[in-house]
Amino acid sequence: AELPVMKAIYVTPTSGGKAVNDMSQGLYGEYYSGTTLEGEPLLKRVDPRLDYFWFSAGPAAGLGSAFSARWTGSLNVPASGRYTLRVTNTGTARLFLDDKEIVVSSGEAKSFDDMGAGEAAVELEQGRSHNLRLELVSKPGLRFTHIRLAFGPNPLVDNRFERAVEMAREAQ
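Residues numbered from 1 in each chain as written. Predicted model: local features only at pLDDT ≥ 70, side-chain atom pairs only at ≥ 80, totals over all residues. Heavy atoms only, no water.

Each helix and strand counted, the protein chain has one helix and twelve strands in total. The helix and strand sequence of the protein chain, counted from the amino end, reads β-β-β-β-β-β-β-β-β-β-β-β-α. Each principal axis of the C-alpha atoms in the protein chain carries an extent, and together these give about 70 × 40 × 25 Å. Within the protein chain, buried positions represent 43% of all 172 residues. Accessible area for the protein chain stands at about 9400 Å²; split by element, carbon and sulfur atoms hold 51% of it. (Helix = DSSP H or I, 4+ residues; strand = E, 2+ residues; numbered from the N terminus. Buried < 20%, exposed > 50% of the residue type's maximum accessible area, 1.4 Å probe, protein only. Areas by Shrake-Rupley, 256 points an atom, 1.4 Å probe, with all protein chains shown as cover.)

Structure, rendered in structure tokens:
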């Protein structure tokens, strides 16, 4: 099943661990010229959803296909339980939860089918803020750059089939 793009309602933008006070929901994006996530970002903004395709011009004037970006935010879930975080990308993406790297994914972008993907199933607690950080390095010469962050509940055991068989037996 296709996981939906992470909804902005689950994330509060943060910068340097502190909330970005503009009342918006989503992840705080910092876009850098070059592939090292260093220096002053050329662009800073809150991205309500991460599901982008950028062609050779990149996400903003002056960035082009060789850029890096870091998105940060505080993740809060509606209920405690097991969740899946999935990254689909070109270039190299690294996803961190509470400062622990949980996904590394690379894709060459030779075609729309040639993308990296990685996911992690994690236990999250309602009422607790989890630090989320996603980093993307887009290499020079990529025909396009893609990043997508998907998120959804992931029950530990899917017992619907067993329950259906049990109910059918009881109905006889």
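Anyway, onward from the coordinates.
Moving residue by residue along a regular strand, the side chains alternate between the two faces of the sheet. In this sheet, strand β6 (residues 67-75) lies alongside strand β1 (residues 11-15) in antiparallel orientation, the contact comprising three bridges. Across the sheet, P13 pairs through a bridge with G73, a residue of β6. Both β1 and strand β2 (residues 18-19) contribute to a ladder of two bridges, which runs antiparallel. Its bridge partner being in β2, S15 is matched across the sheet by K18. Between β1 and β2, which pair antiparallel in sequence order, lie two residues; one of them, G16, sits at a positive phi of approximately 60 degrees. (Pairing = 2+ DSSP bridges.)

The four strands are arranged β5-β12-β7-β10 in an open sheet whose pairing can be described as antiparallel. A single partner strand is all that each edge strand has here, and the edge strands are β5 (51-55) and β10 (116-124). Each adjacent strand pair in this sheet contributes to an overall mean axis angle of 10 degrees, direction not counted. Summarising the sheet, strand β7 (residues 81-89) and β10 pair through nine bridges and their orientation is antiparallel. Directly across from N89, in β10, lies its bridge partner G116. (Axes fitted to C-alpha atoms, helices over the stretch in contact; angles between N-to-C directions.)

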